[in-house]
Amino acid sequence: MTPKGFLRFSWVTDILIRRENAVTLMRIGRARRRIENETFNTLKNQGYHLEHNYGLGRKHLSAVFVTLMMLAFCVDQSLQLCCPLFQAVWRKLQTKRDLWERILAMFWDFRLESIRMLYEALLYGYKRLTPIIAYNTS
């Protein structure tokens, strides 16, 4: 109860709500809401820039952008949970921000054969080479 009275919440469900399961269903609903809020917070504030993809383009382009972003997020989450090499690189670099900045720098500076090559370079180190300048000889 709040100073203004009772709070009322509603969920859409096909589960029959009875006195015996109401508290359990309430906890499930709140947990789901928390998970959704954390996911959207991540997509908005931790490098995915979700808000910038809405309203772009004609027809279905914005939906395609959001779908690709969600796919990238799914791959990132899978790596974080299931890839020991990714986890080792993350532990070494300590923060996600440092991890993503180093990954981006590697993409800018090197031709990588595989994601494994990327993670191994970040984990074990790599030799920096002097750039080969492609002069215009025409």
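Coordinates for the structure precede this section.
Here goes a summary of the coordinates provided.

### Structural notes on the overall build of the chain
Then step 1. Within the chain one finds five helices and zero strands.
Then step 2. For the chain, the α and β elements follow one another from N to C terminus as α-α-α-α-α.
Then step 3. Here the chain has a C-alpha radius of gyration of 23 Å; the compact-globule value for 138 residues is 14 Å, and the former is much larger.
Then step 4. For the chain, the spread of C-alpha atoms along the three principal axes comes to 80 × 40 × 30 Å.
Then step 5. Relative to its full complement of 138 residues, the chain shows a buried share of 21%.
Then step 6. At a minimum sequence separation of 6, the contacts of the chain that also span at least 24 residues come to 31%.
Then step 7. Summed over its atoms, the accessible surface of the chain is roughly 12,100 Å², and 59% of this surface lies on carbon and sulfur atoms.
Then step 8. A gap of 5 Å separates the mean positions of the 21 positive and 11 negative side-chain charges of the chain.

### Thoughts on the side chain of Asn 21
Then step 1. Note on placement: Asn 21 falls in the segment before helix H1 (22-45).
Then step 2. On the accessibility criterion, Asn 21 (14% relative accessible area) is buried.

### Section: the packing of aromatic side chains
Then step 1. In the structure shown here, the tally under the stated rule is four aromatic pairs.
Then step 2. Between Phe 86 and Trp 100, the aromatic rings sit 6.0 Å apart at their centres with planes inclined by 40°, giving tilted as the arrangement. Residue Phe 86 is found in helix H3 (residues 84-93), and its partner Trp 100 is found in helix H4 (residues 96-109); the two are separated by 14 residues along the sequence.
Then step 3. Classification of Phe 86 as buried rests on a relative accessible area of 1%.
Then step 4. Of the residues examined, Trp 100 reaches a relative accessible area of 27% and is grouped as partly exposed.
Then step 5. Aromatic side chains Phe 110 and Tyr 126 sit 5.2 Å apart centroid to centroid with 75° between the ring planes, which places their arrangement in the edge-to-face category. With a gap of 16 residues between them, Phe 110 in the loop between H4 and helix H5 (115-124) and Tyr 126 in the segment after H5 connect regions that are remote in the sequence.
Then step 6. Ring pairing ties together the aromatic residues Phe 86, Trp 90, Trp 100 and Tyr 119, which thus form one cluster.

### Thoughts on the pattern of salt bridges
Then step 1. Tallied over the entire structure, the rule returns five salt bridges.
Then step 2. Where Glu 113 meets Arg 111, a salt bridge forms, and the shortest distance between an N and an O atom there is 2.7 Å.
Then step 3. Residue Glu 113 is classed as exposed on the basis of its relative accessible area, which comes to 55%.
Then step 4. Judged by its relative accessible area of 72%, Arg 111 is exposed.
Then step 5. With its nearest N and O atoms 3.0 Å apart, the salt bridge here joins Glu 120 to Arg 116. Placement of the pair is Glu 120 and Arg 116 together in helix H5, with a separation of four residues, close to one helical turn.
Then step 6. You can call Arg 116 exposed: its relative accessible area is 51%.

Basis of the calculations
Residues numbered from 1 in each chain as written. Predicted model: local features only at pLDDT ≥ 70, side-chain atom pairs only at ≥ 80, totals over all residues. Heavy atoms only, no water. Helix = DSSP H or I, 4+ residues; strand = E, 2+ residues; numbered from the N terminus. Rg over C-alpha atoms; globule rule 2.2 N^0.38 Å. Buried < 20%, exposed > 50% of the residue type's maximum accessible area, 1.4 Å probe, protein only. Contact = heavy atoms within 4.5 Å. Areas by Shrake-Rupley, 256 points an atom, 1.4 Å probe, with all protein chains shown as cover. Lys, Arg positive; Asp, Glu negative; His and termini not counted. Charge placed at Lys NZ, Arg CZ, Asp CG, Glu CD. Phe/Tyr/Trp six-rings, centres within 6.5 Å; stacked < 30°, edge-to-face > 60°. Salt bridge = Lys/Arg side-chain N within 4 Å of Asp/Glu carboxyl O.

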